[in-house]
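# Survey of secondary and tertiary structure
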Amino acid sequence: MFFKSLQSRITFLFLTLILVVQFVGFIAIWVSINKNARIAIAEQLSIGEEVLRTVIIRRGESLTLSARILATDYGFRQAIASNDTETIKSALENNSSRIESDVSMLYSPDGVRQVVTTDLPFEQVDKVVSKLIASTQVGGNAFNLAVFNGVPYQLVVVPVKAPLTIAWIVIGFKIDDTWAKKIQSESHLEVSFITKTNPSAANSGSGAKWNLSSSTMDKVSASGIISNIPVAWPQSISNINIESTPTSTKNTLNGEVTIEGKDYSSRYVEILNHHNQVLIAVLQRSITESLAPYLTLQLNLLALTILGAIVFIAGSIFTAKRLTEPLTVLVKTAELLEKGDYSVPIQSKSGDEIGHLGRTFDRMREAIAERERKISKLAYWDELTQLPNRAFFTEQLVKFAENYEAHQQTFSVLMMDLDRFKHVNDVLGHSAGDNLLIGVANRLKDNCKRENDVVARLGGDEFGIILANTNSERALEVARRLQSALETPIALNDSFVDLSAGVGIANYPEHTKNIEVLLSRAEFAMYAAKNSPGGASIYHSDLDVSNDENLSLISEIRVAIEKNQLSLYVQPKIDFTTGKVLAVEALVRWNHPERGLLYPDMFIPFAEQTGHISKISYWMLSESARYAAIWQKQGLDIALAVNLSARDLIDIELPNKLKEILAEHQLLPNSLSLEITESSIMDDPARALDTVERIARMGIKLSIDDFGTGYSSLAYLKRLPVNELKIDKSFVMNMEHDQDDVTIVRSTIELGHNLGLKVVAEGIENKGVWNILKAMGCDYGQGYFMSKPMPAASLLNWAAMWAKRH
């Protein structure tokens with residue numbers, strides 16, 4: 001009878017509808033919450049993996065910095081040089097105590113262990129350190145992970161240089177519970193480290209076992225992690241209900257496991273599998289705990305459903321609408337969260353359970369968005385300069401390249417490296433260096449304000465800039481504008497520091513469509529710019545040491561020295577007054593077995609880049625001394641002038657090497673003279689000036705080469721203990737037709753004579769130029785008019801013929 005009334009049927013109908021709607025809504029929300037929670041956990045595990053790798057990298061960089069501080073300590077290097085083992089060991093122990101490291105050792109330059117302060121299986125340690133030293137020498141990572149006696153360590157090697165490598169410092173930390181807790185504090189995940197030695201044995205079914213190294217979980221729970229890991233890694237990982245995510249690497253696997261009755265979503269990250277050593281980081285998030293807050297929401301929703309059924313008789317339609325609309329909003333928001341869109345807020349003004357549910361969802365959305373923002377900033381931002389870092393810069397390059405493929409918009413990459421930044425750090429301190437970098441960053445941002453331009457700090461004193469929709473010439477204009485902006489000194493510690501920088505430019509796709517090659521070529525252009533007067537350079541193929549021909553030359557330079565393929569050539573210097581040969585300039589040629597005679601500009605730049613220039617300089621000095629001794633015995637007593645590089649001038653052993661060479665050939669110091677350029681002194685002015693002054697005190701004469709170019713200035717000229725100026729041939733060769741060159745040469749001769757110096761003009765190619773220089777009072781001349789460069793063995797015959805004519 002009850003259902004016969006219209007009121008009862010309507011009430012029953014709407015009551016049924018509200019119950020169905022509430023039930024469906026409840027199920028939909030719970031399914032969405034459960035799915036979204038698992039996706040959020042997966043994202044949190046992925047972010048946790050990034051945090052893990054970031055912590056390892058930053059710890060390695062921190063170790064490297066600590067080791068470098070010790071490596072630059074003067075007393076420590078003196079102890080190494082004198083083989084003072086006790087002092088070395090004390091310094092290592094003090095450094096370990098200061099930075100709380102667990103491993104501290106010293107290895108010889110060739111990788112032989114010398115001093116240790118800890119007890120480890122040294123046969124394994126030596127192998128790992130040897131590999132790490134080899135990697136560091138070719139530009140690889142200076143730090144790595146290793147497992148010794150089932151305990152993982154992070155090791156770093158840093159060379160001790162004076163200026164060549166005289167030893168290797170090895171410092172390391174155990175990867176222990178403290179590490180795990182640090183990663184947990186930043187990722188909010190359970191973190192465990194598990195090791196296994198001799199994995200090859202494990203794969204074959206023999207007795208290798210997993211070992212729990214450290215964990216943020218209690219011992220009972222942590223032991224359950226090992227029981228859920230397969231014996232073989234990673235081949236049999238799929239046997240424990242774990243599947244690789246589509247975005248995981250071959251060494252990262254996700255899965256769900258049950259430990260002590262709790263379900264965990266786990267990510268197994270293989271961070272070391274090398275030379276019979278395996279280290280796995282296990283990141284875990286409790287699924288039960290993640291879903292616990294939503295159980296309350298489910299109960300609230302259920303209570304709301306019951307309340308709606310009770311009050312529905314009085315206002316069923318209103319109640320149904322009030323309940324369904326907020327639920328629909330929550331479902332849509334949960335779907336957006338599932339897709340990773342956290343930008344849409346949940347507007348909930350009501351004070352009932354649905355409103356509470358909406359606000360809880362909104363707080364969860366904000367918390368996840370904020371957590372992702374912080375982790376993103378940690379991974380892609382430089383805290384000091386507040387600029388993007390190299391990782392962000394590289395990702396942007398990929399996006400710019402993709403944009404080019406879609407819209408054909410070219411872009412340019414600028415690589416900038418500050419000049420003499422190390423000098424500022426050494427003199428004013430690291431805090432001043434940090435302030436200098438901040439000031440540079442601000443000036444770069446002020447001058448690159450276009451919406452799509454990217455300015456980043458790539459590391460140290462190196463900055464990178466991406467100029468959108470720009471060709472090479474436009475990029476060169478921007479580079480010069482940046483250099484102008486840097487010309488204004490920066491105030492540091494009550495001092496003003498002058499700034500300059502080398503800027504290299506490479507364009508996509510003009511120079512390459514490969515991002516790594518693009519960065520490399522911009523860097524080559526930057527190094528070329530630092531050695532050129534303009535300070536900015538666009539990449540061209542002559543700069544590229546990566547092409548096959550140049551790579552071949554680089555590898556063959558060392559062989560050329562060892563197999564005596566170099567030849568000494570000389571070019572005479574003639575006295576304008578007497579016409580006599582007073583000296584010769586020593587030049588080098590390479591008798592390449594396949595390419596024939598190579599001139600210096602074809603291989604010297606590569607020798608400077610690879611560090612072989614010092615060996616070539618030593619060969620030149622020795623060979624020049626040998627010929628000087630031969631000529632003196634034949635009655636020709638003239639000096640040989642040898643050019644020195646910037647690397648030679650910072651070699652504190654150069655004066656001692658010169659003494660040994662002179663003594664070996666029984667020569668007086670005036671038998672050799674050295675030609676230097678002021679630009680070569682600017683790399684490290686203090687050390688270079690000290691070396692030059694020590695050489696001058698030996699009685700060896702010094703000459704300023706290429707005067708009038710580069711950094712030549714009176715301020716440095718009056719400080720250098722030189723005897724001679726050489727006017728660059730660029731001012732001499734065209735004197736007959738260029739009055740400006742005549743004025744420059746005349747002024748230089750007068751300047752040199754006023755300073756009490758002899759003046760040499762190089763590049764004399766005809767009688768007219770000879771006569772002009774002689775009339776100006778120039779002391780000596782050098783050039784093709786008198787003689788082209790000749791083999792040193794031919795000088796005696798040439799000198800005899802010259803003497804007959806003059």
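Look a little higher up for the structure.
## Topic: the pairing of strand 9 (residues 252–259)
- Among the 8 residues that make up strand 9, 6 are buried, leaving the element largely enclosed by the rest of the structure.
- The pairing of strand 9 with strand 10 (residues 262–273) spans 8 bridges and is classified as antiparallel. The partner of Val-257 across the bridge, within strand 10, is Tyr-264.
- In textbook terms, the turn of a hairpin is the stretch between consecutive antiparallel strands, and for strand 9 and strand 10 this stretch comprises 2 residues, one of which, Glu-260, has a positive phi near 55 degrees.

## Brief notes about the pattern of salt bridges
- Scanning the entire structure with this criterion turns up 15 salt bridges.
- Across the salt bridge formed by Asp-126 and Arg-113, the nearest N and O atoms sit 2.4 Å from each other. Here Arg-113 lies in strand 2 (residues 113–116) and Asp-126 lies in helix 4 (residues 122–137), a separation of 13 residues in the sequence.
- Judged by its relative accessible area of 25%, Asp-126 is partly exposed.
- Sharing partners across several salt bridges, the network here consists of Lys-573, Glu-585, Glu-675, Glu-724, Lys-726 and Glu-762.

## Comments concerning the packing of helix 2 (residues 74–81) against helix 3 (residues 85–99)
- Interaxial distance between helix 2 and helix 3 falls to 8 Å at its minimum, and their mutual angle equals 145 degrees. Where helix 2 crosses over helix 3, the handedness of that crossing is left-handed. Along the contact surface, helix 2 presents Phe-76, Ala-79 and Ile-80, while helix 3 presents Thr-87, Ile-88, Ala-91 and Leu-92.
- Considered class by class, the residues forming the contact of helix 2 with helix 3 number 6 nonpolar, 1 polar and no charged.

## So, the sheet that holds strand 1 (residues 103–107)
- On the basis of which strands lie adjacent, the open sheet formed by 5 strands has the order 2-1-5-4-3 and antiparallel pairing. Each edge of the open sheet is held by one strand with a lone partner, namely strand 2 and strand 3 (143–148). On average, adjacent strands in this sheet sit at an angle of 30 degrees to one another, irrespective of strand direction.
- In the sheet, strand 1 pairs with strand 2 via 3 bridges, with the strands oriented antiparallel. Note that in strand 2 the partner of Tyr-107 across the bridge is Arg-113.

## Some points on the nonpolar core
- In this structure, Ile-616, Trp-631, Leu-674, Leu-773 and Leu-795 are the most contacted members of the largest nonpolar core, which totals 80 residues.
- Once residues lying within four places of it in the same chain are set aside, the contact partners of Ile-616 are Ile-557, Ile-561, Leu-566, Phe-603, Ile-604 and Ala-607.
- The next biggest cluster of nonpolar side chains, apart from the first, holds 41 residues, and it includes Ile-175, Val-191, Leu-301 and Ile-368.

## Some thoughts on a nonpolar patch on the surface
- On the surface, a nonpolar cluster with roughly 440 Å² of combined accessible area is contributed by Val-20, Phe-23, Val-24, Ile-27 and Val-31.
- Along the chain, Ile-27 falls in helix 1 (residues 6–71).

Here is what the cut-offs are and how they apply
Residues numbered from 1 in each chain as written. Predicted model: local features only at pLDDT ≥ 70, side-chain atom pairs only at ≥ 80, totals over all residues. Heavy atoms only, no water. Buried < 20%, exposed > 50% of the residue type's maximum accessible area, 1.4 Å probe, protein only. Helix = DSSP H or I, 4+ residues; strand = E, 2+ residues; numbered from the N terminus. Pairing = 2+ DSSP bridges. Salt bridge = Lys/Arg side-chain N within 4 Å of Asp/Glu carboxyl O. Axes fitted to C-alpha atoms, helices over the stretch in contact; angles between N-to-C directions. Left-handed = near helix turned anticlockwise from the far one by under 90°. Contact = heavy atoms within 4.5 Å. Nonpolar A, V, L, I, M, F, W, Y, C, P; charged D, E, K, R; others polar. Core = buried A, V, L, I, M, F, W, Y, C linked by side-chain atoms within 4.5 Å. Patch = residues over 30% accessible without salt bridge, like charges linked within 9 Å, V, L, I, M, F, W, Y side chains within 5 Å. Areas by Shrake-Rupley, 256 points an atom, 1.4 Å probe, with all protein chains shown as cover.

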